[in-house]
Every structure is written in C-alpha cells, then in structure tokens.
Amino acid sequence: MHVVYPAVVAALLFSIGVYGVLARRNTILVLMSVELMLNAVNLNLIAFDVWLRDVLHSGQVLTLFVIVIAAAEVGIGLAIVLAVFRTRKAIELDRLRDLGEP
Amino acid sequence: MIAALIVVLPFAGALLGLLLSRYPHGRSPAENLAANKRAAWFGVVPTALSAALIGWLAWENTPSTNVLTVIDTGGISITVGLEVTELSVLTAMLVGVVALAVQVYSVGYMRGESRYPSFSAFISLFTSAMLLVVFAADLMVLYVGWEIMGLCSYLLVGHWWEERANSRAAIKAFLVTRLGDVGFLFGIFVLGFAADSFRISDILAADIPQSTLVLATLLLLAGVAGKSAQVPLHTWLPDAMAGPTPISALIHAATMVAAGIFVVARLYVLFPQPTLDVLGVAAAIGMLGAALAAFAQNDLKRVLAYSTISQLAYMAAALAGGARDAAVFHLVTHGAFKALLFLCAGAVIHHVGSNLLHHMGGLRRSMPVTFWTMTIGYAALIGLPPASGFFSKDAILYGLERSTSPIQLLLYGSALLTVGVTGAYATRAWLMTFFGTGKIQALPEPAPGTAHIFDGREAPPSMLWPLGVLAVPALLLGFTDVGEFHLAPAVTALVVALLGAAFVYVVWRGSPERDPARLLGAFRDPCEQAFYVDRLYAALFVRPVLALARGVVRTDDGVVDGAVRGSGRATVGLSGLLRHLQNGNAQLYVTGVLAGVLLIAVGAVMLG
Amino acid sequence: MSGVGFWPPSTLEVVFLLLGLVAVGSALMVVTTKQLVHAALWLVVCFGALAGCYLVLTAEFVAWVQVLIYVGAVVVLLLFGIMLTRAPIGRSDDLDSGNRVAAAVVAVATAGVLVSVVVGGFQHAYADLQPGAGSAETLGASIFRNWVLPFEALSVLLLAALIGAIVLSRTDIKGRG
C-alpha cells in the first residue's frame, strides 16, 4: 500500500472540513465539519502507524484517544449550542455578532 | 592656606544664609524680621573675617601657591589651587572691603524685605566667587569663579523679579555676558592646549607662538568685554541697574566688571600688540561714548552705570597703552569711589523714592552725610586733588602720553576728551541732586523695582557707616602711590576737567530748574539713547533671532508635531478601515487566519 | 519499498481507493447538502467508509471503535442536536453563509498545499501490510502497558466533559453572578 493514497484522502477530507467550517451557517453543521477534519487526522495517524510499524502502536492508540476526545468535544459543543439556542433563539453563526464593531 | 580660608568663608556664609536663615520656617512679619537678622549675621561676619584675613595677607606680602588637588582629566589636568600674588592681594583687598561695606549697607537698605536672606547669601556667594577668580592658580578654576559671578549677577539683578523689566534686564545681562564667556572659555582652551597646562604660572612661562597668542587673547577679550561691559558688549550694564543699588555698587561698579580688567592684567605678558590694539580701539570708542551717554541720562543710576563703562574703558585704554600698573591702580581707586558713589546714590534714591534726577534737588541740607561723601566720590571721579581718582588718572594719562602703541594718539586724545566730559556729567549729576530747589513729591506706593520710600531725614546708620568707611579710601588711596606722581599730565587733566565742570556750572547757574544736558542740543537724544546701540542690536540680532525662533516654533508645530499628529491620524484612519473587518462574524476571522497560515506556509516553502 | 510501482495497483489499493472515494464524496455531500438531516446521514456514510479504510489498513480495532463511537454515538448526538434546536427538517436554502466563495478558495488552497506536500514528501513511501498489527489484543496490551497514564488522564477529561455538558444543558443551575 502506498502511503500517498491515505495521505491524499486525508488531505482532501481535511480541506472539505475546512470548507464546511468556513462556509456553513448552522452551528451543528460546523461541528460535523470539525468531525470531518478530526477523521482526516485519524486516517493519517493510522496510515503512518502502519507504515512505520511502531512497536508502541502510538498512531492507533492516539487515534483512539482522538475519537474519545472528539466524542467529548461533540458533547460539550452540543451543550454549548443548546445553551446559545436557549438564550438567543438562533444558532446561525453569522447572526451571533455581539462582539463585532458596531 | 589663608587664601583658601578667604575664599571659603563667604561661601560658607552663603550656604548658611540660604539654609538656616529661615529655620524654623515661618512667614509672619516677626519671623521675617528674625530671619533677616540671622541672615545679616551670616552675611556680614564671614565677609568681615575674610576681609580681615586679606588684610593680614597684604601685611605679610609673600607670594605663595597652594594646590589642593590635581584633577586628572585624561587630557590636560586641572590644578585646583590658589595663588597669592601682589596683584591678587590688591584686588582681593578691594573686593573684601567693598563687599563688607555693601553687606553692612544692605542691612539697612533691604530692611523689612522678605527676600533679604537670599539676597545677602547671593552677595556672599558672589564675594566668594570673585575672590576665587582673584586667587585662582588655574584658568579652569578661574573660569568656575567667573561663571558663578555671572550667575550671581543674574540672580541679583533680577532680585525684584515681580517687575517684568527687571527680570528682562537680568536675562539680558546673563545672555550678553554669556556671549562673551563662550569666547573666554575657548580662549582658555587655546591657551591651555598651547601651553599644555591650565596653570596660570605655566601658561605665563610657556613659549607660545605669536599667532596662537593673538587668537587666544582675542577670544579672551570677548569674555573681558562681556564682563567688563566694554564696547560692543556693554549694553547689559545700564539695564542691570534694575537691580538693588547695593548690587550695582558691588557687582556692577566695583568688582565683577573689574574682573575683566583684572584678568587682562593678570595675563598681561601674554597679550600681543594686535590684541592690545583691538582692546584700545574698543576702549577709546567706549570711554568717550559712554561719558557722553552719561551726560544725557536722567536716571541717576544710569548716569553712574555709563560712567562705570567709561572708567572701565579708561583702564582698558591704559592696558592697551602698556600702562598696566596704572590700570590696576585706577581699578582699585575706581572700585572704591564708584562703590561709594553707588551707595550714596542708593541713599539718595532711598530718600527720594525715585531714580530720576529731575525728581531730586536740594538734598544738600536734608542729607548732609550723604552729600559730603558723595561729593568726595564725585571729586574722585572727576579727578580733583587730593581725591584718589586724581592720582590714578594722572598715572594713566602719563602712561598713555609715553605709550609706544601705534594708536597712542587716539587713546590719548580720547582719554583727555573723556576727562572733560567726565567733569561735565559728574558736575551735572551733583548739581541736580543736591542743589537747586527740592522737588520731592509724595509718590504713590513705589513699584517693586524702585527703592522703598524712607521717611527719615537721613539714611539709617547701617547705611551711613559704609559710606564713611568707603569715603576714606576714595579720598586718600591716591597717596599710596604718590611717588609716581607727574605734574604735567595732572595739570592738563585738571584743567580739562575743571573746564568741563565749569561749563556745566555756568549753564546750570543760568537757570537751575533746567537740565544742563540741553547743552548737547540736537545731539542729546542720541546720547540719551546711548547712540542707539540697543536699537541697532535689536534690529541686527534680536529681531532676526526672534524671527528665527518663531520659525523654529512654527516648524516644530507644523512639521514635527504635524508628523506626529499625522501619523496618529493615519493610524486611526487605517484602523478605521480595518474596523470594518471586525464585524463579529467568527467565520470571517477564521477564514482570514487560515488564509494567512497558508500564505505563510507557501511563502516559507518558496523562500526556503 | 520504493521499488513498488504505482501501476498496476494491488487489490488492496483498489479497495482502499474506492472506499476513500466514497468517504470524500460523502464528505462533500455533508458540506454541500441543503438538508440538515441529510448532512448527518452523509456523515454516517463517510464515517463508515473511513472505518472500511481502517480495516484495509489492518487497524481493525480502531475501525470497530470508529463504527461504535462515531457512527453509533456522535452522529446520534448530532441528530439530537438538530432536533433540539428545532432546525428545519426539509430543504432549506440558507444553510450556507455569504462567506462561501472565500471558504471555497481557502479550502482549495489548503487542499492544494497539503496534497502537493504529501505527494512531494511520501511519493516513494510504501507500507507493507501485515494482518494482526491492529488487533484488539495488541492494542489493549499497548494501551495498558505503555499508555496507561494518558488513558487515565483521558478518563478524567471525559468525566469533566460529562459534568460540563450537564451543567451547560440544565437550565435550573444558575451561574454565581
């Protein structure tokens, strides 16, 4: 297996995640895009772990850790989104502009 | 050792007077009086001790040198030391006696003045500085004293600084003398580097090329002209009369202005003929011009001020003509009688409450002591026998007569003419002050800057005693040098002086109410304005400098400040543009951040 | 390793590339679809395809964890989020912000930079796949032998996230201010 394949797929996934984060209005969609970016990183970690034959399996173990952290992040993120929704009745990012220069 | 004590004593007095006079602090009249009393003791006692020590030094009459320390500067070292020579003892004697007289005099003159403590302390400081100049063994040490004198002169002329004219006069005196002092300092540098030492004895003994000497002494001459009020730097002296009269007596008549002459006399062997010629021309112009100006003045103190310029020019002429001893002789006698004249004038002004001659008149009866002492002073000024001025002027005229200087004729003629004019203006002032009818009006509350009205018949004893004490040397000092007396020039001078005096007397006799200065006719106004030198300087230097200063201010305002303000405004404007980006949309921010990261990454790859 | 050429691709590579194509395509759908719920469902497809990729890369344990946590938990959580924020269920045209063009430019540029970098850096790298390198046994041994401390720290993090999420979601807990 050429390492370039998973690396290119990961790069494309990451870029798509970037696009999602920058272009989507809905906060939940932004969170999904963040997940995409995290998964791109995971793919990289796995591929390079396999390539390097790490005796500690650090790539795969870190992937697991990232998955766990992503789960926690989604949980907290959704809680924040819900809190914002409760107070502002909106979760569109471009409507949350209280910190803008008037 | 004694010389050091002589210098340090007044300095300590000044320190004590400044620090302790007002202790404990208080502003009530009673405390003011107590402070003045303490300040008077601090002022008089050290000066008296100092004067006594100078007397002892004169009695011993042994030249000596004491070096405290040598300051290593990396280049030419500075020798902190004092040197006692015959000339310095003589001058110090004059300084000590006049300073003591003035200290005692100002106790009465400044009675009740709330700033008397600082006044007397500055007099002490001045005395110390002048004595330092007189005894200095090193040109740098001399310069220190020289500058402190200038500072004291500034402080004391501006003593009544509430009046704007006074503080302006002080600034003028300071600036004009400073202008000369720049030249003086550079002259010292040139001499020091040429002789590889700042010690006066080394410099006097050094073999310095003629051209260097001309340059150095011309530079020194600038400082001398500044301090001794010689043409063309004389304009500050008449204005400096805004200071209290004791100051005029001490600084602007007897001592500080004589310092310039003293320095020339001290370094006399260094002065080559070209420099002496320059000095001589300035002196010849100065003595006659100042005497004529004195004749036309209406302010008694200004009469005396121009007379001082004229007499100093006399000494300078003697130096230029090669009669150094005569110059020093006249320096001492002039110091005595001019201080006496100023102190008398102070008593008169104190009595009348005005400086102006046409406010005075008929004071002969109400102020007998002042009248007689001032008469002695005028006699010495005119050069009437047996007063001291008679002998010293005779010595100068004799010296000029036999001078080998290329401008001997100019010097001699100018001196002889000046003798006549001196007789005239002295007689005029004397007659207008003490004779005729009394014109004292009840003046309103005196402005600060003029003396206070005194309601007694005669000045207080503390003012009269110094008059009496100074009258003795003014009258008798001439006899110390009687062996050098020469009859022919003395008779010539006496005749010329009496001619001038008699002329004025006849004119005055005709109508005592009118000013004899009308003699000058159309020439009177230029004389009163001192030949418009002040106006000339104002047009030539003051106004261009002011215009330049205004230009600098405008440049500073417009260009420098404008650049600062402009950059501030530009920043605000640019940030106003950037402000629009700060619209609160977090996605936009992240877009910008990521784009920046990409650019940096690409840039790093490209450049790496 | 560098002796292995790109053509012809091995079977595993073909399978991987197909799965990767699915993952990238569904990810594109996630960020471009007009329906919120569809986005979540496309995300499931994407994660599933990625899990397949992991399997091909012999990381079987990670693949199952991926399926369990991402497909099972995270997507469900996101769906709950969509539901709770009363998002429109049908088609909505305003899911994209006005920042789209700039976002596309930045994303394409990112892709260009990353792809060119990885292609430039790893074009000759070749990984020999050996089954069993990612089994539950090896990973478990590794985690509990070498990675215990991070593992424990992570458990504390999870606990903190749990408590934080509860505190944020409950409306009856007021701040001190």
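Description of the structure in this document. Each chain has its residues counted from 1, following the order in which its sequence is written. Naming scheme: in the order in which they are written, chains are lettered from A and ligands are numbered from 1. Side-chain atom pairs in this predicted model are given and counted only at pLDDT of 80 or more, local residue features only at pLDDT of at least 70, and totals for whole chains, interfaces and linings cover all residues. As a convention, hydrogens and water are excluded, and side-chain values are obtained from all of the structure's heavy atoms.

1. What about the overall build of chain B?
Then, in step 1: Here a strand is any run of E in DSSP of at least two residues, a helix any run of H or I of at least four, and the numbering for each starts at the N terminus. On a plain count of helices and strands, chain B comes out with 22 helices and two strands.
Then, in step 2: If one aligns the C-alpha atoms of chain B with their principal axes, the spans along those axes are about 110 × 65 × 55 Å.
Then, in step 3: Within chain B, the fraction of its 608 residues that count as buried is 55%.
Then, in step 4: Contacts are assigned to residue pairs that have any heavy atoms within 4.5 Å of one another. Restricting to contacts in chain B with at least 6 residues of sequence separation, those with at least 24 account for 79%.
Then, in step 5: In this description, accessible areas are obtained by the Shrake-Rupley approach with a 1.4 Å probe, and a residue is regarded as covered only by the protein chains that are shown. Surface summary for chain B: the accessible area is close to 25200 Å², and the carbon and sulfur share equals 70%. Burial status follows relative accessibility: with a 1.4 Å probe on protein chains alone, a residue under 20% of its type maximum counts as buried, one over 50% as exposed, and anything between as partly exposed.

2. Focus: the pattern of salt bridges
Side chains that carry opposite charge are capable of pairing whenever their charged atoms lie near each other.
Then, in step 1: Between Lys or Arg on one side and Asp or Glu on the other, a salt bridge is scored when a side-chain nitrogen of the former is within 4 Å of a carboxyl oxygen of the latter. Evaluated as defined, the whole model comprises 17 salt bridges over all chains.
Then, in step 2: In this structure, the salt-bridge partner of K172(B) is D239(B), at a minimum N-O distance of 2.8 Å. With a gap of 67 residues between them, K172(B) in helix α6 (residues 164-195) and D239(B) in helix α9 (residues 236-239) connect regions that are remote in the sequence.
Then, in step 3: Judged by relative accessible area, K172(B) falls into the partly exposed class, the value being 22%.
Then, in step 4: A salt bridge links D172(C) to R170(C), with the nearest nitrogen and oxygen atoms 2.9 Å apart.
Then, in step 5: What you see here is one network of salt bridges that share partners, running through E147(B), R178(B), D181(B) and K227(B).

3. Regarding the interface of chain B and chain C
Then, in step 1: Each partner contributes to the interface: chain B provides seven residues, whereas chain C provides seven residues.
Then, in step 2: Distance and chemistry together define a polar contact, namely a pair of N or O atoms within 3.5 Å, with one atom able to donate a hydrogen and the other to accept it when in protein, and with adjacent residues in sequence counting only for side-chain atoms on both sides. Joining chain B to chain C, the criterion identifies two residue pairs in polar contact (both at pLDDT 80 or more).

4. A word on the pairing of strand β1 (residues 64-71) of chain B
All names here are of chain B.
Then, in step 1: A pair of strands is considered paired only if DSSP assigns at least 2 bridges between the two. Examined bridge by bridge, β1 and strand β2 (residues 78-84) share seven bridges and lie antiparallel to one another. Note that in β2 the partner of V67 across the bridge is G81.
Then, in step 2: In sequence, β1 turns back onto β2 through a hairpin of six residues, with G74 there showing a positive phi of about 90°.

5. As for the interface of chain A and chain C
Then, in step 1: Contact residues are listed per partner, giving 67 residues for chain A and 89 residues for chain C.
Then, in step 2: By buried area we mean the combined loss of accessible area, with a 1.4 Å probe, across both parts when two parts are placed together. Interface area, chain A with chain C, both sides summed: about 7000 Å², of which 77% is carbon and sulfur.
Then, in step 3: The largest share of the area that chain A buries against chain C comes from M1(A), H2(A) and Y19(A), three residues that together contribute 12% of it.
Then, in step 4: Summed over the shared surface of chain A and chain C, the number is two salt bridges.
Then, in step 5: Here R25(A) ties to D94(C) by a salt bridge, and the two come within 3.3 Å at their closest N and O atoms.
Then, in step 6: Where chain A packs against chain C, one counts 22 residue pairs in polar contact (both at pLDDT 80 or more).
Then, in step 7: Within the residue set of the side of chain A that touches chain C, elements represented by two or more residues are α1 (4-23), α2 (27-52) and α3 (58-88) of chain A.
Then, in step 8: Sort the elements by how many residues they give to the side of chain A that touches chain C and α3(A) lands first, with 23 residues.
Then, in step 9: Looking at side-chain class alone, the side of chain A that touches chain C contains 49 nonpolar, twelve polar and six charged residues. Charged means Asp, Glu, Lys or Arg here, nonpolar means Ala, Val, Leu, Ile, Met, Phe, Trp, Tyr, Cys or Pro, and polar covers whatever is left, Gly included.

6. Concerning the side chain of H57(A)
Then, in step 1: Take H57(A): it is sitting in the loop between α2 and α3.
Then, in step 2: Here H57(A) falls in the buried class, since its relative accessible area comes to 14%.
Then, in step 3: Setting aside residues up to four positions removed in sequence, H57(A) forms contacts with D49(A), A133(C), T138(C), L139(C) and S142(C).

7. Comments concerning helix α4 (residues 116-135) of chain B
Then, in step 1: Between its terminal C-alpha atoms α4(B) stretches 28 Å, which fits the 28 Å expected from 20 residues at 1.5 Å a residue.
Then, in step 2: Extensive coverage of α4(B) is indicated by the burial of 19 of its 20 residues. Helix span, as expected, comes to 1.5 Å for every residue beyond the first.

8. Focus: a nonpolar patch on the surface
All names here are of chain B.
Then, in step 1: Among the surface-exposed residues, F11, L15, L16, L18, L19, L20 and Y23 lie close enough to one another that they form a single nonpolar patch of about 700 Å² accessible area.
Then, in step 2: Its place among the elements puts L16 in helix α1 (residues 2-20).
Then, in step 3: Residue L16 is classed as partly exposed on the basis of its relative accessible area of 36%. Each patch groups residues whose relative accessible area exceeds 30% and which form no salt bridge, using 9 Å between like charges and 5 Å between nonpolar side chains of Val, Leu, Ile, Met, Phe, Trp and Tyr.

9. Section: the environment of E83(B)
Residues and elements named next belong to chain B.
Then, in step 1: Mapped onto the fold, E83 is located in strand β2.
Then, in step 2: Placed 118 residues apart in sequence, E83 and S201 show a C-alpha to C-alpha distance of 9.1 Å.
Then, in step 3: There is a polar contact of 3.4 Å between the side chain of E83 and the side chain of R266.

10. Here's the deal with unusual backbone geometry
All names here are of chain B.
Then, in step 1: Residue P232 is bonded to the preceding V231 through a cis peptide linkage, with omega at 5°.
Then, in step 2: Here the residue pair P385 and P386 is connected by a cis peptide bond, since its omega of 5° sits within 30 degrees of zero.
Then, in step 3: For P386, the position within the fold is in the loop between α15 (368-382) and α16 (388-401).
Then, in step 4: Here D196, not a glycine, exhibits a phi torsion of approximately 60°, which is positive.
Then, in step 5: Within the element layout of this structure, D196 appears in the loop between α6 and α7 (200-205).
Then, in step 6: Relative accessible area serves as the criterion here: at 58%, D196 is assigned to the exposed category.

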